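Take a look at the letters that make up each chain.
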Amino acid sequence: MEERCEEQRCLRIPPAAGRDPGSPGPFPSGVRPGGRDRHAPGGSCWAAGTLPAPGTGAARSRSALGRSEPVPEPGADGWAGPAVGGAVPGWAGPYRERRGWAEAGGAVPGEAGPAQGHAAAMAARRGPEPGLGPVPGLALPFLLLLAATAGRAGDPRQEEAVRALARRLLGPRAAAVSLSVDPALAAGGPDVYRLWSPPGTGVAVAVEGSSGVAAAAGLYRYLRDFCGCHLSWSGAQLRLPEPLPRLRAEIRAAAPARDKAPLCNGGPGGRGGPGRSLRRSRRYRYYQNVCAQSYSFVWWDWARWEREIDWMALSGINLAPAFAGQEAVWQRVYRNLGLNQSEIDKYFTGPAFLAWNRMGNLRRWAGPLPPAWHFKQLYLQYRIVERMRSLGMTTVLPAFAGHVPQGILRVFPRVNATRLGHWSHFDCAYSCTYLLDPEDPMFQVIGTLFLKELIKEFGTDHVYSADTFNEMTPLSSDPAYLSRVSSAVFRSMTGADPKALWLMQGWLFQHQPDFWQPAQVRALLHGVPLGRMIVLDLFAESKPVYQWTESFYGQPFIWCMLHNFGGNHGLFGTVEAINHGPFAARRFPNSTMVGTGLVPEGIEQNDMVYELMNELGWRQEPLDLPSWVTRYAERRYGAPNAAAAGAWRLLLRSVYNCTGVCVNHNRSPLVRRPSLRMDTALWYNASDVYEAWRLLLSAGAELGSSPAFLYDLVDVSRQAAQQLVSDYYLSIRQAFQSHALPELLTAGGVLVYDLLPELDSLLCSHGLFLLGRWLESARAVATSAREAERYELNARNQVTLWGPSGNILDYANKQLGGLVLDYYAVRWSLFVSVLVESLNSGRPFHQEQFNQAVFQVERGFIYNKKRYPAVPAGDTLEISRKLFLKYYPSALRRSLAGPA
């Protein structure tokens with residue numbers, strides 16, 4: 001069946017069954033790469049390798065990679081084990097507990113093992129071959145009946161998936177919980193779950209959901225509200241009562257829904273899919289930001305992904321991207337089109353920056369991607385999509401947005417492509433990608449070819465993501481041009497999947513409001529049939545777009561909370577906005593809102609905000625926030641404590657209650673390159689944080705064994721120290737401007753030689769605040785010493801310079817043990833030294849000269865090759881108490897006195 005193709009060192013794969021052997025392939029008539037026919041009759045010429053079933057190990061190669069290197073073993077799987085009757089110390093961190101079945105290579109009873117079931121599951125999900133529409137002559141009601149029947153057939157799979165989740169979470173005590181899935185429970189509407197205690201059985205509670213996700217959300221509702229449990233990125237508190245409590249009455253909950261939602265009828269002229277009204281439309285609960293793929297997920301293994309997907313299901317998330325492995329498929333497509341490996345390597349960025357390569361912002365920086373990266377990402381993607389779908393989640397796959405490598409112009413010299421301008425502060429050495437003209441035939445060829453290959457590899461749920469103009473100004477503001485672009489993107493989706501639904505970020509509309517006027521927004525949105533696009537109103541808690549676009553001019557949208565930029569640390573929230581915003585959007589005249597979403601650029605921070613937002617996804621009206629946060633503190637720590645509850649109420653009214661246009665991008669002097677013009681303004685009363693710090697410390701004797709409490713103590717202490725850095729900065733600046741050398745030396749000395757080292761010591765006492773954890777996770781992905789060095793440079797650069805020359809300096813700043821002492825403190829030491837020298841010599845301070853000098857310090861950190869510990873050291877309570885006793889009295893006096 002295989003024929004060697006010596007010229008290209010690849011395999012000639014026979015044509016698919018049912019395809020005309022003489023078919024010219026995916027190219028339109030007259031279009032050939034470089035004038036040569038690389039798609040001769042008899043099959044397509046692909047790079048060497050065969051496609052193994054997932055989990056078959058190192059004995060095979062993958063055609064997806066365009067190479068013939070052996071596939072390395074992904075490594076042994078870690079399993080997030082349950083904690084029976086106690087707290088899980090590392091839910092968010094890399095913890096692994098013994099499971100005899102896993103170490104023996106067996107399986108949980110009734111659950112497919114890591115290497116089993118994936119191929120069958122993928123085949124079941126794929127359905128008909130992509131590109132085949134409905135069979136002519138079949139009535140729509142019959143097709144809907146087939147769809148309903150298919151949904152019912154999937155119930156056992158979702159039931160087993162949610163039961164397996166319960167076993168991972170609760171261990172043997174999962175036997176006291178009955179879990180079932182019945183799509184009929186929703187009656188064609190949004191997700192529903194119900195809880196009740198069956199009489200006279202050994203089952204404490206029965207949970208039934210309309211989907212696996214709904215059942216998981218119902219399970220968490222029971223654990224949260226009746227067992228006092230809590231799960232978050234920073235830890236899990238699972239001290240289950242003995243026996244498990246029984247319910248006095250049945251509880252039933254449904255996701256909010258509008259009686260009317262937008263028509264999905266193909267828009268004007270009836271274009272698009274079959275006509276139907278989305279009356280009582282399914283409510284989406286969306287999660288993930290494309291940037292989080294790089295800021296948070298980039299180095300994850302399957303064990304960490306498994307914990308995240310469990311958290312997603314328990315949080316009720318039913319719509320989420322699955323973006324891993326797409327570069328492997330793109331490489332396959334590019335090689336098939338005629339690009340060489342060098343041209344592909346010059347296009348892909350390094351792993352820590354792939355999010356912006358995918359959106360056409362960057363190319364080449366910190367790359368290329370080694371072959372082993374592709375193998376591991378494909379392995380992850382198989383498991384991610386299988387697990388998400390088994391729980392009833394709808395996966396969002398990437399699609400073609402129009403950006404292409406420069407090599408396309410060599411292979412197709414007559415292609416109509418335009419080089420875009422630079423992005424952010426990058427010059428054309430690493431940005432200025434090429435965008436195909438929407439009317440060029442190759443737009444549809446490339447877009448459809450990629451999506452068909454992706455669907456063939458991973459199946460599809462018919463939802464696709466593409467962002468053509470992310471923070472990039474379009475070539476023309478002509479509405480007709482913008483409509484042609486969106487139409488071309490959508491047609492490339494439907495060319496591969498006639499049922500395609502486009503999920504698009506709405507960030508561009510609020511990011512460049514001068515360009516995106518109503519006419520331009522309407523044109524871009526109406527290039528797609530109404531109802532065949534969902535827009536993520538990405539920053540709705542602060543800058544909602546639906547309000548000035550008449551609810552996105554008829555296209556459905558999801559009200560999203562962005563909350564975090566760059567994965568920064570820093571206590572922050574807009575709780576009043578998120579408590580009321582989704583309900584106001586639902587009541588908006590002619591609202592097309594179809595769900596809520598969490599879209600932080602980085603995760604593992606501010607757990608409370610995300611717990612609140614997830615709960616609101618099932619609520620019909622706003623919550624009483626002070627009461628809610630009091631219960632939150634009790635669940636989080638596993639015991640009521642007046643001091644801890646008081647601390648959380650203070651945080652709720654201060655750091656977590658930013659009003660107006662609020663951007664959670666940490667601009668504290670602590671994490672910014674020092675200058676004499678730094679912003680120290682706060683949106684809250686600093687004394688509230690100091691008092692919350694005091695209250696938490698006073699609760700330490702009672703709650704000090706709680707992992708979540710220790711995490712919060714570090715986080716609140718860190719926030720207080722961040723405020724102290726601003727105070728000392730103001731003293732340094734005032735002393736310099738007053739030519740008061742003794743005061744400058746005193747304030748600078750305390751900052752550089754005491755406060756920052758003490759903060760670093762505090763951060764080093766907790767595993768989730770370690771630079772070493774971030775760097776070692778990058779190194780762990782590597783299959784060689786050279787790869788490990790490359791990945792570590794990616795990880796270091798992202799959290800510091802963000803580019804070769806500080807192009808987006810400190811955008812992704814983190815407050816991590818090791819980073820504070822060896823990066824931020826060294827910068828501050830140089831700054832204070834330069835100011836002292838300026839006063840001693842009488843020469844003025846020049847910011848530009850300082851920037852040039854400090855850049856060498858910043859760059860030196862990236863290349864210092866120092867290995868940082870990934871295991872915490874020190875007693876968090878003692879370090880925080882020492883810091884408190886040293887700084888609290890003066891800090892409180894300064895905060896009560898107000899700004900200088």
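Refer to the structure above for everything that follows.
No experiment lies behind these values; they were computed from the predicted model shown.

Participant: Just checking my understanding: could you explain the side chain of Q719 for this structure?
Facilitator: Position of Q719 among the secondary structure elements: in helix α24 (residues 707–737). With a relative accessible area of 1%, Q719 lands in the buried category. Side-chain polar atoms of Q719 contact the side chain of R718, separated by 2.8 Å. When near neighbours in sequence (up to four residues on either side) are disregarded, Q719 contacts G570, L571, V655, Y684 and V689.

Participant: Sorry if this is basic, but what is going on with the packing of aromatic side chains here?
Facilitator: Given two aromatic rings, their pairing is described by the distance between the two centres and the angle made by the two planes. According to the stated counting rule, one finds 57 aromatic pairs in the structure shown. Here the aromatic rings of Y632 and W648 are separated by 5.3 Å at their centres, their planes lie at 80°, and the arrangement is edge-to-face. With Y632 in helix α20 (residues 625–637) and W648 in helix α21 (residues 642–653), this pair connects stretches of sequence that are 16 residues apart. For the pair formed by Y632 and W648, the shared burial category is buried.

Participant: Just to check I follow, could you spell out the pairing of strand β10 (residues 251–254) for this structure?
Facilitator: A regular strand carries its side chains on alternate faces of the sheet. Residues I251 and A253 of β10 are buried on one face, while the alternating residues R252 and A254, pointing to the opposite face, are not. Sheet analysis places strand β6 (residues 192–196) next to β10, joined by four bridges and oriented antiparallel. Note that in β10 the partner of R194 across the bridge is R252.

Participant: I tried to follow α20 on my own but got confused; where do I start?
Facilitator: Every α-helix winds through 3.6 residues per turn, so residues three or four apart in the chain are directed the same way. Taking 1.5 Å per residue, 13 residues should reach 18 Å; α20 reaches 18 Å between its end C-alpha atoms and fits that length. Turning to α20, its buried residues number three or more, namely L625, W628, V629, Y632, A633, R635, R636 and Y637. Note on α20: the residue one or two positions beyond its end, G638, has a positive phi of about 80°.

Participant: Just to check I follow, could you spell out the nonpolar core for this structure?
Facilitator: When a protein is soluble and globular, its nonpolar side chains tend to lie buried together. Core analysis: the biggest nonpolar cluster contains 281 residues, and W299, W356, M493, F509, W559 and W802 have the highest contact counts within it. At 15 residues, the largest contribution of residues to this core is made by α24. The contacts of W802, once residues within four sequence positions are left out, are Y295, F353, W356, L362, W423, F426, N797, N807, I808, Y811 and A812.

Participant: Hey, could you run me through helix α13 (residues 441–458) in this one?
Facilitator: Given a rise of 1.5 Å per residue, 18 residues ought to cover 26 Å, and the 26 Å separating the end C-alpha atoms of α13 matches this to within 8%. In terms of burial, α13 is largely enclosed, as 15 of its 18 residues are buried. The residue sitting at the N-terminus of α13 and contributing the capping side-chain oxygen is D440; that oxygen lies 2.8 Å from the backbone nitrogen of M442. In the stretch just after α13, G459 is the one whose phi turns positive, near 70°.

Participant: What is the right way to look at the packing of helix α4 (residues 155–170) against helix α5 (residues 212–225) in this model?
Facilitator: The axes of two packed helices give the description: the angle between them and the distance between them. Put simply, α4 and α5 touch, their axes get as near as 9 Å, and they point 30° apart. The angle between α4 and α5 places the two elements in the roughly parallel class. The hand of the α4/α5 crossing is right-handed. Contacts between α4 and α5 involve Q158, V162, L165, A166, L169 and L170 from the former and G212, A215, A216, L219 and L223 from the latter. For the contact of α4 with α5, the per-class residue count stands at nine nonpolar, two polar and no charged.

Participant: Help me understand unusual backbone geometry in this model?
Facilitator: Excluding glycine, residues mostly carry a negative phi; peptide bonds, for their part, are mostly trans. For the peptide bond that leads from E242 to P243, omega is -5°, which places it in the cis range. One can find P243 in the loop between β9 (235–238) and β10. At the junction of G367 and P368, the peptide bond is cis and its omega measures out at 0° in the coordinates. Tracing the backbone shows P368 in the loop between α10 (354–358) and α11 (371–390). Its identity is not glycine, yet W802 carries a phi of approximately 50°, on the positive side. Within the secondary structure, W802 sits in the loop between α27 (785–798) and α28 (819–841). W802 sits in the buried class, given a relative accessible area of 1%.

Participant: Mind showing me how you'd approach the packing of α28 against helix α29 (residues 847–862) here?
Facilitator: For the pair α28 and α29, the least separation of the axes is 10 Å and the interaxial angle reads 160°. As far as their axial angle goes, α29 and α28 are roughly antiparallel. Relative to α29, the crossing made by α28 is right-handed. Only F850, A853, V854, V857, E858 and F861 of α29 make contact with α28, whose side of the interface consists of L819, D822, Y823, V826, R827, L830, F831 and V834.

Participant: Sorry, what's going on with the pattern of salt bridges here?
Facilitator: Pairing between side chains of opposite charge can happen when the charged atoms of each approach one another. Applying the stated criterion to the full structure yields 42 salt bridges. A salt bridge links D810 to R827; the shortest N-O distance between them is 3.0 Å. One end of the pair, D810, is in the loop between α27 and α28; the other, R827, is in helix α28, with 17 residues separating them in the sequence. Residue classification places D810 among the buried positions, given a relative accessible area of 1%. Among the ionic contacts, a cluster of salt bridges with common partners joins R221, R224, D225, E615 and R619.

Participant: Any chance you could explain the sheet that holds strand β7 (residues 205–209) here in plain terms?
Facilitator: Strand pairing within a sheet occurs via backbone hydrogen bonds; the two strands may be parallel or antiparallel. Spatially, four strands are ordered β5-β7-β6-β10 in an open sheet, and the strand pairing comes out mixed. Each edge of the open sheet is held by one strand with a lone partner, namely β5 (177–181) and β10. For this sheet, the mean inter-axis angle between neighbouring strands, taken without regard to orientation, is 15°. Across four bridges, β6 lies against β7 in antiparallel orientation. The residue bridging Y193 from the neighbouring strand is G209, located in β7. Taken strand by strand, α5 contacts β5, β6, β7 and β10, and its axis lies near 40° from that of β6.

Participant: Please clarify how the sheet that holds strand β14 (residues 403–404) should be interpreted in this entry.
Facilitator: The antiparallel open sheet is built from three strands, whose spatial order is β14-β16-β15. The strands lining the two open edges of the sheet, one partner per strand, are β14 and β15 (417–419). Two elements, β14 and strand β16 (residues 434–436), share two bridges in a ladder whose sense is antiparallel. From the neighbouring strand, H403 faces β16, where its bridge partner is L435.

Participant: How should the state of the cysteines be read in this particular structure?
Facilitator: By definition, a disulfide links two cysteine residues through a covalent bond between their sulfur atoms. The final tally for this structure, using the stated rule, is two disulfides. Between the sulfur of C428 and that of C432 lies a disulfide, 1.9 Å long from S to S. An S-S torsion of about -65° defines the bridge between C428 and C432 as left-handed. Relative accessible area serves as the criterion here: at 36%, C428 is assigned to the partly exposed category. Paired by a disulfide, C658 and C662 hold their sulfur atoms 2.0 Å apart. Torsion about the S-S bond of the C658 and C662 cystine: about -90°, corresponding to left-handed handedness. With respect to class, C658 is no different from C662; both count as buried.

Participant: How do you make sense of the environment of P190 when you look at a structure like this?
Facilitator: Here P190 lies in the loop between β5 and β6. You can call P190 buried: its relative accessible area is 3%. Counting along the chain gives 66 residues from P190 to P256, while the straight-line C-alpha distance between them is 7.3 Å.

Participant: Please clarify how the environment of Y286 should be interpreted in this entry.
Facilitator: By secondary structure assignment, the location of Y286 is in strand β11 (residues 284–287). Residues Y286 and G316 lie 30 residues apart in sequence; the distance between their C-alpha atoms is 9.1 Å. Ignoring any residue separated from it by four or fewer positions in sequence, one finds Y286 in contact with I317, L319, A320, P321, L503, L536, I558, T596, G597, L598 and V599.

Rules behind the numbers
- Here the residue numbering is sequential within each chain, running from 1 through the sequence in written order.
- Where totals are concerned, whole chains, interfaces and linings use all residues; where local detail is concerned, this predicted model gives features only for residues with pLDDT of at least 70, and gives and counts side-chain atom pairs only at 80 or more.
- The side-chain figures draw on all heavy atoms in the structure; neither hydrogens nor water molecules are used.
- Secondary structure elements are taken from DSSP: a helix is a run of H or I of four residues or more, a strand is a run of E of two residues or more, and numbering for both begins at the N terminus.
- Type-normalised accessible area, obtained with a 1.4 Å probe on protein chains alone, sets the label of each residue: buried when under 20%, exposed when over 50%, and partly exposed for intermediate values.
- Whenever two N or O atoms come within 3.5 Å, that pair is a polar contact, provided that in protein one can donate a hydrogen and the other can accept it, and provided that, for residues adjacent in sequence, both atoms are side-chain atoms.
- The contact criterion used is simple: two residues touch if any of their non-hydrogen atoms lie within 4.5 Å.
- Within 6.5 Å between ring centres, the rings of Phe, Tyr and Trp (the latter by its six-membered ring) count as paired, and their orientation is classed by plane angle as stacked under 30 degrees, edge-to-face over 60, tilted in between.
- Note on pairing: DSSP must find at least two bridges between two strands before they are called paired.
- Residue count minus one, scaled by 1.5 Å, sets the expected span of a helix.
- Definition of nonpolar core: a set of buried residues of the types Ala, Val, Leu, Ile, Met, Phe, Trp, Tyr and Cys, connected through side-chain atoms within 4.5 Å.
- To obtain an axis, a line is fitted to C-alpha atoms, over the contacting stretch when the element is a helix, and the angle between two such axes runs from 0 to 180 degrees between their N-to-C directions.
- For classification, angles of less than 35 degrees are called roughly parallel, those exceeding 145 degrees roughly antiparallel, those between 65 and 115 degrees roughly perpendicular, and all remaining angles oblique.
- Two helices that cross are described as forming a left-handed crossing if the nearer one is turned anticlockwise from the farther one by less than a right angle, and a right-handed crossing if clockwise.
- Three classes are used, and their members are as follows: Ala, Val, Leu, Ile, Met, Phe, Trp, Tyr, Cys and Pro are nonpolar, Asp, Glu, Lys and Arg are charged, and the others, Gly among them, are polar.
- Should a side-chain nitrogen of Lys or Arg be within 4 Å of a carboxyl oxygen of Asp or Glu, the pair is scored as a salt bridge.
- When the sulfur atoms of two cysteines come within 2.5 Å, that pair is taken as a disulfide.

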